[in-house]
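Structural overview
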Amino acid sequence: MLALRPPLSVALNDARLVALATAVALAEVVLRVAVALLVNPLLAIAVPPVVAAVGLAAGTPRTLPDAGRNADADALDAGQNAGAEAPNIRGVPDRLPRLSAVAMVGHAVALAGGVGLFVLVDTPAKAAVYWLGRGDALGIGWLVAWPTVGVAAGTFLAWSAVAGAVTATALGDPSGSLRSGATDATLRGAVATVGTAVARSLSAPRPLAVAALCHLVPVALALVAAATILVLAVPRSTNAVGIALMAAVAAGAVALIGLSLAFLTAFHAQRRTRENEGSDAAATGRDLPVRRVALALLVVSALVVGAGAVRVTETRPVDTAPEPLPEDPDALYATALANTERASHDYRVAVEGDDEPFVVGHRIDREDRRYRQYLRGEAVGPEVYASTGVGSPPPRTGVAAYALGSRTAPETEQSVAALPAYVYWSSTYEWRASRLTPPTAVEGWEVVERDEDRVVLELTDPAAVYRAVQGWSPDAVRNVSASRIRATVDPDRGTLRAVDVRLNATVVYGDDAQRYDATTSHEFAVDVNVERPVELGPPRPGEAVWRLLVY
């Protein structure tokens, strides 16, 4: 662990470097929060860290305290001989184009690595959750916000393999490139510099693992700060105490992240020096283990592609198998209702009107995670299509801020947005008691017909009928002209086929008495598939991104 003491000593004793790193941390946080709030949270991750690359390059030390066998550990801990020789800040403007290019190319590589890391970790974790039957616990936060956090964390960890390119450029190290002409401030030179840095990192797994662990520190600090703000400060954000708490936590987090960035700057400078001296892997532009690096990239790429294929094809354990139907009529209806809701189904409800019925239909494909809503009769409005990659029309809340582009479908003239709209609609589509959802499970059902093809149940008690339809019990039901719910159950599939509701009575609640007169029919079909409407045209790149991230 002595090799970590020199950069740690520099971070604790070089006030200039710490101040510079803290300013960089503040600037990067403000920039990305602004992009997240004004544009898109996911795009905030894609912004290249040009500010960090240029700022930290100005503080990259050329030499560090001795970390060899003769080093005095007590002196290092005490900060003696901790003064590091830093490059001339005036030289940074000369390297600004090259640093900017390296930051952009390096971030593209790190972003790809971050997505790969997230996919490799998140896929088996989510698959286990689905296998355990706890997929219902994955709400909008876990399915949409978590990929943003996970990719951001993975990208910062992937920078542990890329940061050497920035360090080499900051130090003006011509050996940081595979090409002799790569010192020019060109995109080609930046690609060569980043490629060499990644190759060197992959050729030395142990130093890379140490670097990744060091990069975990600011990630952990950011996550703890965000969790603290969400749990403690946000509920109190309407008063001065909450605002002060958020400001204090944010300021403390930025300061600690700045200190950790100062450490990482010194750490990567030391790592670069050791590489040039041949103390780690003796990896230079002439003797990089190309075969070993290529094999490592091939294996990792194959794993990422396999996990990605699992995600985009919606391959995951889904519990849609029906539960056996019990003999008790009340339990039989409750089980059939639950089996139908859990299955991929088409549900159509029609409320009788004066001229024509008010019809609302829902088709939900739980295996492929697609949803459609259609209106007929007196019900008017746009038809809804939603998947994990697109929504038309897109929801205005929930996942609206995550849209990666929008357009208008020419045939339907509806707005189409690349966002995980299915996550929103599946969370709002619930069978709670109302006139536009199936009657809920109550007591009082009776079996009136039974054969091999169907089981017919009836509920006739007026109070029970009203409670099944509306979800609450009235004080009294008077002047009853009609009161019946008739449910037809498929005994083979254990699901509902149809439910007809007729109630005409005066409902009393407290001092209020209202006449309730409704005729409603509910029709069901299970094991349905929902296809993407051809009117939407071919999928766009933003849709593919969300299908990959939302699993």
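What counts and how
- Residues numbered from 1 in each chain as written.
- Predicted model: local features only at pLDDT ≥ 70, side-chain atom pairs only at ≥ 80, totals over all residues.
- Heavy atoms only, no water.
- Buried < 20%, exposed > 50% of the residue type's maximum accessible area, 1.4 Å probe, protein only.
- Helix = DSSP H or I, 4+ residues; strand = E, 2+ residues; numbered from the N terminus.
- Pairing = 2+ DSSP bridges.
- Patch = residues over 30% accessible without salt bridge, like charges linked within 9 Å, V, L, I, M, F, W, Y side chains within 5 Å.
- Areas by Shrake-Rupley, 256 points an atom, 1.4 Å probe, with all protein chains shown as cover.
- Salt bridge = Lys/Arg side-chain N within 4 Å of Asp/Glu carboxyl O.
- Lys, Arg positive; Asp, Glu negative; His and termini not counted.
- Charge placed at Lys NZ, Arg CZ, Asp CG, Glu CD.
- Contact = heavy atoms within 4.5 Å.
- Polar contact = N/O pair within 3.5 Å; in protein donor to acceptor, adjacent residues only side chain to side chain.
- Axes fitted to C-alpha atoms, helices over the stretch in contact; angles between N-to-C directions.
- Parallel < 35°, antiparallel > 145°, perpendicular 65-115°, else oblique.
- Left-handed = near helix turned anticlockwise from the far one by under 90°.
- Nonpolar A, V, L, I, M, F, W, Y, C, P; charged D, E, K, R; others polar.
- Phe/Tyr/Trp six-rings, centres within 6.5 Å; stacked < 30°, edge-to-face > 60°.
- Lys NZ or Arg CZ within 6 Å of the ring centre and 35° of its normal.
- Expected span 1.5 Å × (residues − 1).

Some details on the pairing of strand β9 (residues 455–459)
- Burial runs high along β9: 5 of the 5 residues are buried.
- Here β9 shows no split at all, with Val455, Leu457 and Leu459 on one side and Val456 and Glu458 on the other all buried.
- Taking the residues between adjacent antiparallel strands as the criterion, strand β8 (residues 446–450) and β9 are bridged by 4 residues.
- The sheet contact formed by β9 and strand β10 (residues 476–490) spans 5 bridges and is antiparallel. Looking at β10, one finds that Leu459 is bridged to Ile485.

Thoughts on a negative patch on the surface
- Taken together, the side chains of Glu352, Asp354, Asp355, Glu356 and Glu378 present a region of like negative charge at the surface.
- Residue placement: Asp355 occurs in the loop between β1 (345–351) and β2 (358–365).

Quick look at the pairing of β1
- Among the 7 residues in β1, 6 count as buried, and that is most of the element.
- Here 7 bridges tie β1 to β2, and the two strands are oriented antiparallel to one another. Each bridged residue has a counterpart across the sheet, and for Val349 the counterpart in β2 is Val360.
- Counting the residues between successive antiparallel strands, the hairpin from β1 to β2 contains 6 residues.

With respect to unusual backbone geometry
- Geometrically, the link from Ser392 to Pro393 is a cis peptide bond, its omega value of -10° lying close to zero.
- One non-glycine residue, Arg369, lies in positive phi territory at about 55°.
- A positive phi is found at Asp527, a non-glycine position, where the angle reads about 60°.
- Take Asp527: it is sitting in the loop between β12 (512–526) and α16 (541–549).

Structural notes on a nonpolar patch on the surface
- Taken together, the side chains of Val29, Val33, Leu37, Leu38, Val39 and Leu43 present a nonpolar region at the surface, about 600 Å² in accessible area.
- Ranked by residues supplied to the nonpolar patch, first place goes to helix α2 (residues 15–38) with 4 residues.
- Mapped onto the secondary structure, Leu37 falls in helix α2.
- The exposure class of Leu37 is exposed, given its relative accessible area of 71%.

Here we look at the environment of Phe156
- Tracing the backbone through its elements, the reader meets Phe156 in helix α7 (residues 140–158).
- With relative accessibility at 27%, the residue Phe156 sits in the partly exposed group.
- Along the chain, Phe156 and His107 lie 49 residues apart, while their C-alpha atoms are 9.2 Å from each other.
- If sequence neighbours within four positions are ignored, Phe156 has contacts with His215, Pro218, Val219, Leu261 and Leu264.

Topic: the side chain of Arg271
- When you line up the elements, Arg271 lands in helix α11 (residues 240–277).
- A polar contact of 2.8 Å, which involves the side chain of Arg271, links it to the backbone oxygen of Ser160.

Side note on the packing of α7 against helix α14 (residues 421–428)
- Remark: α7 packs on α14, axes separated minimally by 9 Å, with the N-to-C direction vectors making an angle of 165°. In terms of orientation, α7 lies roughly antiparallel with respect to α14. α7 and α14 meet at a crossing whose hand is left-handed. On the side of α7, the interface is formed by Ile140, Leu143 and Val144, while α14 contributes Val423, Tyr424 and Ser427.
- Residues belonging to the contact of α7 with α14 are distributed by class as follows: 5 nonpolar, 1 polar and no charged.

With respect to the packing of aromatic side chains
- On inspection of all chains with the given rule, the structure shows 16 aromatic pairs.
- Note on Tyr466 and Tyr516: the rings are 5.4 Å apart at their centroids and 80° apart in plane angle, and the pair reads as edge-to-face. Taken together, the positions of Tyr466 in helix α15 (residues 462–470) and Tyr516 in strand β12 put the pair 50 residues apart, joining distant regions of the chain.
- The buried category is assigned to Tyr466, whose relative accessible area is 7%.
- Classification of Tyr516 by relative accessible area gives buried; the value is 13%.
- Aromatic pair Trp472 and Tyr509: ring centres 4.9 Å apart, planes at 80°, arrangement edge-to-face. Of this pair, Trp472 sits in the loop between α15 and β10 while Tyr509 sits in strand β11 (residues 495–509), and the two are 37 residues apart along the sequence.
- Residue classification places Tyr509 among the partly exposed residues on the basis of a relative accessible area of 49%.
- An aromatic cluster is present here, built from Tyr347, Tyr371, Tyr424, Trp425, Tyr429, Trp431 and Phe524 joined pairwise through their rings.
- Positioned above the aromatic ring of Tyr130, the side-chain terminus of Arg316 is 5.3 Å from the ring centre.

Side note on helix α13 (residues 329–342)
- Its 14 residues place the ends of α13 20 Å apart at the C-alpha level, agreeing with the 20 Å of an ideal helix rising 1.5 Å per residue.
- Taken together, the buried positions of α13 are Leu332, Tyr333, Thr335, Ala336, Leu337, Asn339 and Thr340.
- Elements that come into contact with the buried residues of α13 comprise β1, β8, β9, β10, β11 and β12.
- A side-chain oxygen of the first residue of α13 lies 3.2 Å from the backbone nitrogen of Asp330; this N-cap is Asp328.

Topic: the pattern of salt bridges
- For the structure on display, the rule yields 23 salt bridges.
- Between Glu314 and Arg369 there is a salt bridge whose closest N-O contact spans 2.9 Å. Residue Glu314 is found in the loop between α12 (290–312) and α13, and its partner Arg369 is found in the loop between β2 and β3 (370–377); the two are separated by 55 residues along the sequence. Across the pair, Arg369 and Glu314 agree in class, each one buried.
- For Arg376, the salt bridge is made with Glu383, and the minimal N-O distance between the two is 3.0 Å.
- Given the relative accessible area of 30%, Glu383 is considered partly exposed.
- Look at the salt bridges and you will find they share partners, linking Glu449, Arg454, Glu458, Arg484 and Arg486 into a network.

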